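Next come the chains, spelled out residue by residue.
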Amino acid sequence: GLVGSGLLMRLKQWDPKDLQLVYAIISALAIPFTMGSLHYCPTDTHAGVEVSYEQVLGASYNATSLPTLIGECNKGCGCTTAFYTPVCDGNITYFSPCHAGCSEVVMDENNTLIGYDYCTCTVSGTALPGVCGTTCPTTLWTSLAITTTGTIVGFAGFAAHAYIYQRVVSEVDRTLAQGVRSSVTRALGTLPAPIIFGWVIDKFCTVWRVSENGTQGNCWLYDIDSLMWWFIMLRVAMRTLSASCYFICWWIYPESNKKGEEADEMGDKDATKDEEERKLTQNND
């Protein structure tokens with residue numbers, strides 16, 4: 001994208017007004033590719049998080065209640081979320097052997113852990129170490145292709161974006177304009193972006209790490225579906241705002257500036273030509 005953008009700027013001698021339109025169009029074309037994030041691999045279904053233990057065991061279930069990590073099958077086990085040690089039974093993942101209600105560890109002849117037994121929250125009464133896991137090779141490659149194409153399209157306007165700031169101001173103000181642009185970019189982008197996206201990430205945490213003394217730590221599990229939708233909406237909103245601003249700049253940028261710049265360029269060429277003729281005359285003398 002960067003290489004293509006640079007070559008395009010070299011071949012096409014666009015003025016600032018046209019450059020603003022080019023960048024606005026490229027920014028708008030990059031927006032649909034943001035949807036590539038919707039093609040993501042589904043996460044494991046965790047008992048007590050996405051589904052209740054009653055649903056897993058086929059027991060009576062009150063539809064108005066929400067799944068909780070502590071249920072009737074493990075309420076006397078003293079389970080915590082200090083450590084995430086998932087176990088699997090069928091296609092259901094449990095947060096830990098304790099949350100699966102397991103009371104016995106199964107070892108092989110080499111004293112290696114191979115499973116858990118007497119689990120009161122699993123259908124089979126046993127559990128295997130680790131998450132159940134999901135496979136989605138097609139989704140992965142589809143998402144990778146869409147996001148890669150979107151990245152190339154997005155960076156295709158980078159040279160135009162950088163060139164605009166050097167052309168819409170006079171030559172003596174270009175250094176100042178570059179400094180102001182960098183300051184505004186950091187003030188409106190670099191600083192608030194981690195705060196906004198961090199808030200969104202924390203908002204959709206479903207299981208927090210809570211130590212034995214009650215201290216809250218990092219997040220173990222997330223509501224991936226809601227989190228991805230929020231990420232996409234934020235990115236689409238920001239990209240749409242950016243493209244709209246450049247369309248507005250292109251619309252209000254006066255044609256007189258365009259003509260003035262063309263005159264300045266012709267004047268610079270004439271001045272350069274006169275200087276070369278003067279030096280040639282001095283050499284002949």
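If you're wondering where the values come from, they're calculated on a predicted model, not measured in any experiment.

Draft legend 1. The overall build of the protein, seen in detail. What the protein contains, in helices and strands, is nine helices and eight strands. Taking the contacts inside the protein whose residues are at least 6 apart along the sequence as the reference set, 60% of them involve residues at least 24 apart. Accessible surface, the protein: about 17900 Å² in total, of which carbon and sulfur atoms supply 61%.

Draft legend 2. Quick peek at the side chain of Thr-122. Assignment of secondary structure puts Thr-122 in the loop between β5 (113–117) and β6 (126–129). Here Thr-126 takes part through its backbone oxygen, which lies 3.2 Å from a polar atom of the side chain of Thr-122.

Draft legend 3. Quick look at the confidence of the model for the protein. Predicted confidence across the protein gives a mean pLDDT of 78, with 79% of residues reaching 70 or more. Segment residues 60–64 is flagged for pLDDT under 50; beyond a separation of four residues in sequence, or across chains, it makes five contacts in the model. In the model, residues 259–271 has pLDDT below 50 throughout and makes five contacts with residues more than four positions away in sequence or in other chains.

Draft legend 4. How the structure looks around the packing of helix α7 (residues 192–203) against helix α8 (residues 224–252). The geometry of α7 relative to α8 is characterised by a closest axis approach of 9 Å and an angle of 160° between their N-to-C directions. When the axes of α7 and α8 are compared, the pair comes out roughly antiparallel. Note that α7 runs across α8; the crossing there is right-handed. Residue-level inspection shows Ile-196, Phe-197, Trp-199, Val-200, Ile-201 and Lys-203 of α7 in contact with α8, the latter providing Leu-227, Trp-230, Phe-231, Leu-234 and Met-238. The residue makeup of the contact of α7 with α8, split by class, is 10 nonpolar, no polar and one charged.

Draft legend 5. Examining α8 more closely. The terminal C-alpha atoms of α8, which comprises 29 residues, lie 42 Å apart, in line with the 42 Å expected from a rise of 1.5 Å per residue. Buried residues of α8: Leu-227, Met-228, Ile-232, Leu-234, Val-236, Ala-243 and Tyr-246, and no others.

Draft legend 6. Geometry of the pattern of salt bridges. Here the structure, examined in full by the defined rule, presents one salt bridge. In this structure, Lys-75 engages Glu-72 in a salt bridge whose closest nitrogen and oxygen atoms are separated by 3.1 Å. In terms of burial, Lys-75 and Glu-72 fall into one category: exposed.

Draft legend 7. Structural view of the sheet that holds strand β2 (residues 87–89). Sheet architecture is open: six strands sit in the order β1-β3-β2-β6-β5-β4, paired in mixed fashion. Only two strands of the sheet have a single partner each, and these edge strands are β1 (45–46) and β4 (104–107).

Draft legend 8. Highlighting the packing of aromatic side chains. If you walk through the whole model with that rule in mind, you get nine aromatic pairs. Seen from their ring centres, Tyr-23 and Tyr-246 are 4.6 Å apart, and the 65° between their planes marks the pair as edge-to-face. Highlighted residues: Tyr-23 in helix α2 (residues 16–30) and Tyr-246 in helix α8, separated in sequence by 223 residues. Taking relative accessible area as the criterion, Tyr-23 reaches 13% and is therefore assigned buried. Accessibility expressed as a relative area gives 12% for Tyr-246, which makes it buried. An aromatic cluster of three or more residues is present, and its members are Tyr-84, Phe-95 and Trp-220. The cationic tip of Lys-203 hangs over the ring face of Phe-204; the distance from NZ or CZ to the ring centre is 5.7 Å. Cation over ring: Arg-209 sits above Phe-83, and NZ or CZ is 5.3 Å from the ring centre.

Draft legend 9. How the structure looks around the state of the cysteines. The tally for this structure, following the rule as stated, stands at five disulfides. Bridging Cys-73 to Cys-121, the disulfide has an S-S length of 1.9 Å. For the disulfide bridge between Cys-73 and Cys-121, the dihedral angle about the S-S bond is near 105°, and by the sign convention the bridge is right-handed. Of this pair, Cys-73 sits in the loop between α3 (53–57) and β2 while Cys-121 sits in the loop between β5 and β6; the two residues are 48 residues apart in sequence, bridging distant segments of the chain. Comparing Cys-73 with Cys-121, the two get one shared label, buried.

Draft legend 10. Structural view of the nonpolar core. Judged by nonpolar contacts, the single largest core of 18 residues is most densely connected at Tyr-53 and Tyr-94. Those elements that provide at least two residues to this core are α3 and β3 (92–94). Those residues in contact with Tyr-94 that lie beyond four places of it in its chain are Ala-47, Tyr-53, Val-56, Pro-86, Val-87, Asp-89, His-99, Ala-100, Cys-121, Thr-122 and Val-123.

So, how was this worked out
Within every chain, residues take consecutive numbers counted from 1 along the sequence as written. This being a predicted model, a pLDDT of at least 70 is required before a residue's local features are given, and a value of 80 or more before pairs of side-chain atoms are given or counted; all residues contribute to the totals for chains, interfaces and linings. Hydrogens are left out, water is left out, and the side-chain values use all remaining heavy atoms of the structure. Strands are runs of DSSP state E lasting at least 2 residues, helices are runs of H or I lasting at least 4, and numbering of each runs from the N terminus. The contact criterion used throughout is that any non-hydrogen atoms of two residues lie within 4.5 Å. For the area figures, the Shrake-Rupley method with a 1.4 Å probe applies, and any residue is considered shielded solely by the protein chains shown. The term polar contact refers here to a pair of N or O atoms within 3.5 Å; inside protein, the definition further demands a hydrogen-donor-capable atom paired with an acceptor-capable atom, and it admits residues adjacent in sequence only when both atoms are side-chain atoms. A residue's pLDDT is the predictor's confidence in that residue, given on a scale from 0 to 100. Lines fitted to C-alpha atoms define the axes here, with helix axes fitted over just the stretch in contact, and angles between the N-to-C directions of these axes take values from 0 to 180 degrees. Angle categories: roughly parallel below 35 degrees, roughly antiparallel above 145, roughly perpendicular from 65 to 115, and oblique for all the rest. Two helices crossing with the near one rotated counterclockwise from the far one by less than a right angle form a left-handed crossing, whereas a clockwise rotation gives a right-handed crossing. Residue polarity is assigned by list, with Asp, Glu, Lys and Arg as charged and Ala, Val, Leu, Ile, Met, Phe, Trp, Tyr, Cys and Pro as nonpolar; anything else, Gly included, falls into the polar class. Expected span of a helix, by definition, is 1.5 Å for each gap between consecutive residues, and there is one gap fewer than residues. To sort residues, take the accessible area from a 1.4 Å probe on protein chains only and compare it with the maximum for the residue type: under 20% means buried, over 50% means exposed, and anything in between is partly exposed. Each reported salt bridge corresponds to a side-chain nitrogen of Lys or Arg within 4 Å of a carboxyl oxygen of Asp or Glu. A pair of strands is labelled paired if DSSP reports no fewer than 2 bridges between them. Any Phe, Tyr or Trp ring, taking Trp's six-membered ring, that has another such ring centre within 6.5 Å forms a pair; planes under 30 degrees apart are called stacked, those over 60 apart edge-to-face, and the others tilted. Over a ring means this: the NZ of a Lys or the CZ of an Arg is within 6 Å of the ring centre and within 35 degrees of the ring normal. To count as a disulfide, a pair of cysteine sulfur atoms needs to be within 2.5 Å. We call a set of buried residues a nonpolar core when its members are Ala, Val, Leu, Ile, Met, Phe, Trp, Tyr or Cys and they connect through side-chain atoms within 4.5 Å of each other.

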